[in-house]
Amino acid sequence: MGSYNNILLAVDFHSDNRSVIDKAVEVAEMNSATLHLIHVVEPLAYAYTDGMTTWGEEMVSLEAAIREDGRKKLDELCQELKVAGQDCYFRTGKSSEEIHATAQESNIDLIILGTHGQHGLQLLLGSTANSVLHGSTCDVLAVRIKES
Ligand code: AMP
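Residues numbered from 1 in each chain as written. Predicted model: local features only at pLDDT ≥ 70, side-chain atom pairs only at ≥ 80, totals over all residues. Heavy atoms only, no water.

Caption draft 1: Quick look at the layout of surface pockets. As a volume, the largest pocket reaches approximately 580 Å³. Around the largest pocket, the lining is made up of 28 residues, and of these Val11, Asp12, His14, Ser95 and Thr128 lie nearest the centre. Of all the secondary structure elements, the ones that give two or more residues to the lining of the largest pocket are strand S2 (34-41), helix H2 (57-81), helix H3 (95-105), strand S4 (110-115) and helix H5 (128-135). Of the residues belonging to the lining of the largest pocket, the class tally is twelve nonpolar, twelve polar and four charged. (1 Å grid on protein atoms, 1.4 Å probe; cavity = no way out; pocket = protein on both sides within 12 Å on 5 of 7 lines; lining within 4 Å. Points joined across faces, edges and corners; volume = space filled by probe spheres on them. Helix = DSSP H or I, 4+ residues; strand = E, 2+ residues; numbered from the N terminus. Nonpolar A, V, L, I, M, F, W, Y, C, P; charged D, E, K, R; others polar.)

Below, the structure is given as structure tokens:
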């Protein structure tokens, strides 16, 4: 048996995740581990700090379209990677918090995600990779995404 039994791959669909996906598949195979997938949709309201924004119909339908698109892409990736339905998690909330909660609920021992290698102001403002790393109770593998 390998070092890891349950690996959680966190995917967004707005950056080039392919190298991260390939690495997760490779590490899962090396460890004979079960691969799990998570995609989190962050509510558009999180983009506003006062929480007082009035939602028009356009915002509501934009949010619904983002959710539908994320769900569809996650399902497609699960099929491609042959990940069982119960190991595919589609969540709504703050990405790092949902990734932590899912990792704990599902006995994950390794989280794999991408990183753009932020520095300077970007690093101070934080990134998903940073937030996941700092609150995690299991190992985290951050795979560098090379800008094309
Ligand atoms: P970022 O810090 O937004 O550049 O994201 C870094 C990595 O965190 C991505 O390559 C994904 O692996 C993961 N990630 C970011 N956003 C999400 C999300 N909404 N759902 C799941 N994973 C995410």
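That was the structure; now back to the text.
Caption draft 2: Here's a closer look at the state of the cysteines. For the structure on display, the rule yields one disulfide. Residue Cys78 pairs covalently with Cys88 via a disulfide, S to S 1.6 Å. An S-S torsion of about -120° defines the bridge between Cys78 and Cys88 as left-handed. Here Cys78 is found in helix H2, whereas its partner Cys88 is found in strand S3 (residues 88-92), with ten residues between them in sequence. For the pair Cys78 and Cys88, a shared accessibility class is recorded, and that class is buried. (Disulfide = S-S within 2.5 Å. Buried < 20%, exposed > 50% of the residue type's maximum accessible area, 1.4 Å probe, protein only.)

Caption draft 3: Inspection of the site of the ligand at higher detail. The full set close to the ligand counts 16 residues, and Ala10, Val11, Val40, Gly114 and Thr128 are the nearest of them. Val40 is positioned with one of its backbone polar atoms (N or O) 2.7 Å from a nitrogen atom of the ligand. Take His116: an N or O atom from its side chain is 3.2 Å from an oxygen atom of the ligand. Considering the ligand on its own, with 480 Å² of exposed area, one finds that the protein chains cover 90% of that surface. Judged by its atoms lying within 2 Å of the grid points, the ligand is housed in the largest pocket. Those elements that provide at least two residues to the shell around the ligand are S2, S4 and H5. Ranked by the residues each element gives to the shell around the ligand, the list is headed by S2, at three residues. (Near = heavy atom within 4 Å. Polar contact = N/O pair within 3.5 Å; in protein donor to acceptor, adjacent residues only side chain to side chain. Areas by Shrake-Rupley, 256 points an atom, 1.4 Å probe, with all protein chains shown as cover. Sits in = over half its atoms within 2 Å of the grid points.)

Caption draft 4: Broad picture of the side chain of Thr115. Residue position: Thr115 is located in strand S4. For Thr115, a relative accessible area of 16% gives the class buried. If sequence neighbours within four positions are ignored, Thr115 has contacts with Ala129, Ala142, Val143, Arg144 and Ile145. (Contact = heavy atoms within 4.5 Å.)

Caption draft 5: Expanded view of the pattern of salt bridges. Inspection of every chain in the model, using the stated rule, returns six salt bridges. Notably, a salt bridge pairs Glu80 with Arg18, separated by 3.0 Å at the nearest N-O pair. Residue Glu80 is found in helix H2, and its partner Arg18 is found in helix H1 (residues 18-31); the two are separated by 62 residues along the sequence. Judged by its relative accessible area of 45%, Glu80 is partly exposed. (Salt bridge = Lys/Arg side-chain N within 4 Å of Asp/Glu carboxyl O.)

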